[in-house]
Amino acid sequence: MSVIEAPRSQARPARKRGVNLEKWGWIYMRASGVVLLVLIFGHLFVNLLVGEGVKAIDFGFVGGKWADPFWQWWDVLMLWLALIHGANGMRTIVNDYTNPGTTQKLLKGSLLVAAVVLIVLGTLVVFTFDPCPAGSPADLLPSFCPAV
Ligand code: HEM
């Protein structure tokens, strides 16, 4: 008869008091997943299938979309939800495959730094994007800019 070994004890037992962050992280993955389905497939549909489709994508296409607050917020929401979802999912994988210690802290710290930097930079790009920067050579500007 084969004997199944006892599983390893939990590396970090769940906290008994206060907010259960692991539970909320678990709920976030499901809730953000549902919203991301709408955002990602809406994004792909509008960019790749509507009108001329993928052939229409150029600097002017992006500039035109980001001139509209609706698409700015769509893209920023997609950026925030996907980066937090991806980083939290990677945190789960790190927890599953490494033991507590310096390496684990380094891996999770890198995930946090990468997610924060990309969220800050991406949000700045979407909200400060100027398709017609003053003083640029006319041949580099899209045709809808007033100077061209
Ligand atoms: C189409 C929209 C998406 C849906 C519906 C979705 C759904 C989910 C769900 C339900 C989980 C939890 C799985 C579990 O705990 O067993 C998960 C995990 C994960 N997701 Fe997403 N997700 C989506 C998009 C993304 C995107 C865009 C990224 C990357 C930026 C991503 C990266 C991850 C990672 C790394 C995990 C952890 C996998 C693991 O625990 O083994 N997902 N996803």
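Residues numbered from 1 in each chain as written. Predicted model: local features only at pLDDT ≥ 70, side-chain atom pairs only at ≥ 80, totals over all residues. Heavy atoms only, no water.

Participant: Got a sec to walk through the packing of helix 3 (residues 69-97) against helix 4 (residues 102-128)? Specific residues and values, please.
Facilitator: Two numbers describe how helix 3 lies on helix 4: the axes approach to 10 Å, and their chain directions differ by 175°. As judged from the angle between their axes, helix 3 and helix 4 are roughly antiparallel. Contact residues: Gln 72, Trp 73, Val 76, Leu 79, Trp 80, Leu 83, Ile 84, Ala 87, Met 90, Arg 91, Val 94 and Asn 95 in helix 3; Gln 104, Leu 107, Lys 108, Leu 111, Ala 115, Leu 118, Ile 119, Gly 122, Thr 123, Val 126 and Phe 127 in helix 4. Among the residues making up the contact of helix 3 with helix 4, the classes are represented as 16 nonpolar, five polar and two charged. (Axes fitted to C-alpha atoms, helices over the stretch in contact; angles between N-to-C directions. Helix = DSSP H or I, 4+ residues; strand = E, 2+ residues; numbered from the N terminus. Parallel < 35°, antiparallel > 145°, perpendicular 65-115°, else oblique. Contact = heavy atoms within 4.5 Å. Nonpolar A, V, L, I, M, F, W, Y, C, P; charged D, E, K, R; others polar.)

Participant: Quick one: what's the story with the site of the ligand, residue by residue and with numbers?
Facilitator: Taken together, the neighbourhood of the ligand is formed by Met 29, Arg 30, Gly 33, Leu 36, Leu 37, Ala 82, His 85, Gly 86, Gly 89, Met 90 and Ile 93. Within the side chain of Arg 30, one N or O atom sits 3.3 Å away from an oxygen atom of the ligand. His 85 places a polar side-chain atom, nitrogen or oxygen, 2.9 Å from a nitrogen atom of the ligand. Those elements that place two or more of their residues in the shell around the ligand are helix 1 (21-49) and helix 3. Residues that form the shell around the ligand fall into these classes: six nonpolar, four polar and one charged. (Near = heavy atom within 4 Å. Polar contact = N/O pair within 3.5 Å; in protein donor to acceptor, adjacent residues only side chain to side chain.)

Participant: I'd like a rundown of the nonpolar core, residues and numbers included.
Facilitator: Leu 36, Leu 39, Trp 71, Trp 74, Met 78 and Leu 81 form the largest nonpolar core, which has six residues in total. Listing elements by their share of this core, those giving two or more residues are helix 1 and helix 3. A total of four residues in this core trace back to one element, the largest contributor, which is helix 3. Aside from chain neighbours lying at most four places away, what touches Leu 36 is Phe 41, Met 78, Leu 81, Ala 82 and His 85. (Core = buried A, V, L, I, M, F, W, Y, C linked by side-chain atoms within 4.5 Å. Buried < 20%, exposed > 50% of the residue type's maximum accessible area, 1.4 Å probe, protein only.)

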